[in-house]
Amino acid sequence: LAKTTQPISMDSYEGQEVNITCSHNNIATNDYITWYQQFPSQGPRFIIQGYKTKVTNEVASLFIPADRKSSTLSLPRVSLSDTAVYYCLAQAGSYQLTFGKGTKLSVIP
Amino acid sequence: DGGITQSPKYLFRKEGQNVTLSCEQNLNHDAMYWYRQDPGQGLRLIYYSQIVNDFQKGDIAEGYSVSREKKESFPLTVTSAQKNPTAFYLCASSTSQVWGRDSNQPQHFGDGTRLSIL
């Protein structure tokens, strides 16, 4: 299972774009990068998943360079409601997902 | 609405007592999972089930037991053998992960049960 490394915490002001980087140096050829969001006292929620280049949905964008050793989750114009913990996973076709400690994002008014 | 329901939201256990946490899903998912989360930590997998009447141990199965008699239900029992049961327990479900397929089927989570020891 590929191990990922993320910053423990980040602060951002409302309205700014936030980029959270995840390192996965040992990612396997078949591994996809998946991001989840978790609010306090709730279960994680799937945000976005990608393999390479760029993926965009209504919530976020995911940038993955050609070497796939890192990826960046981009949240456009964050609001207070985006304050949460964000988890990066790099795995493929597995029932046994590995959630690290994630990145705690605090959005400041 | 389709989703996962965990109950109760808060649960208290006396020393030496077994307790069972409920998890029900109406998403028609084959796979179900139980995780444990301690304060400030990530999720750790306790058990998972790929299909009815089948389940496998995760990373921290000791002191826990599960059953999967129905597709919709995956109850978790925290036994008296679990010496440090105080935690936030999360249940999830997904469609089947296809071996050899690149992407992961996203897991859908319930809102958790917080277990405390009296």
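Residues numbered from 1 in each chain as written. Chains lettered and ligands numbered in written order. Predicted model: local features only at pLDDT ≥ 70, side-chain atom pairs only at ≥ 80, totals over all residues. Heavy atoms only, no water.

Section: the sheet that holds strand E3 (residues 32–38) of chain A
Residues and elements named next belong to chain A. With respect to topology, 5 strands assemble into an open sheet ordered E1-E9-E8-E3-E4, the strand pairing being mixed. Edge strands, defined here as strands with exactly one partner in the open sheet, are strand E1 (9–13) and strand E4 (45–50). Neighbour-to-neighbour, the strand axes of this sheet turn through a mean angle of 25°, independent of strand direction. Two strands pair when backbone bridges link them, and E3 and strand E8 (residues 84–91) are joined in this way by 7 bridges, in the antiparallel orientation. Among the inter-strand pairings, tyrosine 36 is bridged to a residue of E8, identified as tyrosine 87. (Pairing = 2+ DSSP bridges. Helix = DSSP H or I, 4+ residues; strand = E, 2+ residues; numbered from the N terminus. Axes fitted to C-alpha atoms, helices over the stretch in contact; angles between N-to-C directions.)

Comments concerning the environment of Ala92(B)
Residues and elements named next belong to chain B. By secondary structure assignment, the location of alanine 92 is in strand E9 (residues 87–94). Residues alanine 92 and aspartate 111, 19 residues apart in the sequence, show an inter-C-alpha distance of 9.5 Å. Not counting residues up to four positions away in its chain, the partners in contact with alanine 92 are Ile4, Ala31, Met32, Tyr33, Tyr35, Gln107, His108 and Phe109. (Contact = heavy atoms within 4.5 Å.)

Observations concerning the packing of aromatic side chains
Summed over all chains, the structure comprises 11 aromatic pairs over all chains. Seen in terms of ring centroids, Tyr36(A) and Phe46(A) are 6.0 Å apart; in terms of plane orientation they differ by 80°. Their pairing is edge-to-face. Taken together, the residues span a long stretch of sequence, with Tyr36(A) in strand E3 and Phe46(A) in strand E4 at a distance of 10 residues. Under the relative-accessibility criterion, Tyr36(A) is labelled buried at 1%. Among the aromatic residues, ring-to-ring pairing joins Tyr36(A), Phe46(A), Tyr87(A), Phe99(A), Tyr33(B), Tyr35(B) and Phe109(B) into one connected group. (Phe/Tyr/Trp six-rings, centres within 6.5 Å; stacked < 30°, edge-to-face > 60°. Buried < 20%, exposed > 50% of the residue type's maximum accessible area, 1.4 Å probe, protein only.)

A word on unusual backbone geometry
Negative phi characterises most residues that are not glycine, and trans characterises most peptide bonds. Residue and element names in this part refer to chain B. The omega angle of the peptide bond from serine 7 to proline 8 is -5°, so this bond is cis rather than trans. Within the secondary structure, proline 8 sits in the loop between strand E1 (4–7) and strand E2 (10–13). Notably, asparagine 28 is not glycine yet its phi reads approximately 60°, a positive angle. Relative to the elements of secondary structure, asparagine 28 occurs in the loop between strand E3 (19–25) and strand E4 (31–37).

Observations concerning a nonpolar patch on the surface
All names here are of chain B. Among the surface-exposed residues, Tyr10, Phe12 and Leu118 lie close enough to one another that they form a single nonpolar patch of about 380 Å² accessible area. Looking at the element boundaries, tyrosine 10 is found in strand E2. We classify tyrosine 10 as exposed; its relative accessible area is 52%. (Patch = residues over 30% accessible without salt bridge, like charges linked within 9 Å, V, L, I, M, F, W, Y side chains within 5 Å. Areas by Shrake-Rupley, 256 points an atom, 1.4 Å probe, with all protein chains shown as cover. Salt bridge = Lys/Arg side-chain N within 4 Å of Asp/Glu carboxyl O.)

Looking at the interface of chain B and chain A
On the side of chain A, 22 residues touch chain B, which itself brings 31 residues to the contact. Here chain B and chain A share 0 salt bridges between them. The interface formed by chain B and chain A holds 5 residue pairs in polar contact (both at pLDDT 80 or more) in total. Among the secondary structure elements, those contributing two or more residues to the side of chain B that touches chain A are E4, strand E5 (43–51) and E9 of chain B. Looking at the side of chain B that touches chain A residue by residue, the class counts come to 12 nonpolar, 12 polar and 7 charged. (Polar contact = N/O pair within 3.5 Å; in protein donor to acceptor, adjacent residues only side chain to side chain. Nonpolar A, V, L, I, M, F, W, Y, C, P; charged D, E, K, R; others polar.)

Quick look at the state of the cysteines
Residue and element names in this part refer to chain B. Throughout the structure, instances matching the rule amount to 2 disulfides over all chains. The disulfide bridge from cysteine 23 ends at cysteine 91, spanning 1.9 Å between sulfur atoms. Negative torsions about the S-S bond denote left-handed disulfides, and the value of about -75° found for cysteine 23 with cysteine 91 makes this one left-handed. With cysteine 23 in strand E3 and cysteine 91 in strand E9, this residue pair connects regions lying 68 residues apart in the sequence. (Disulfide = S-S within 2.5 Å.)

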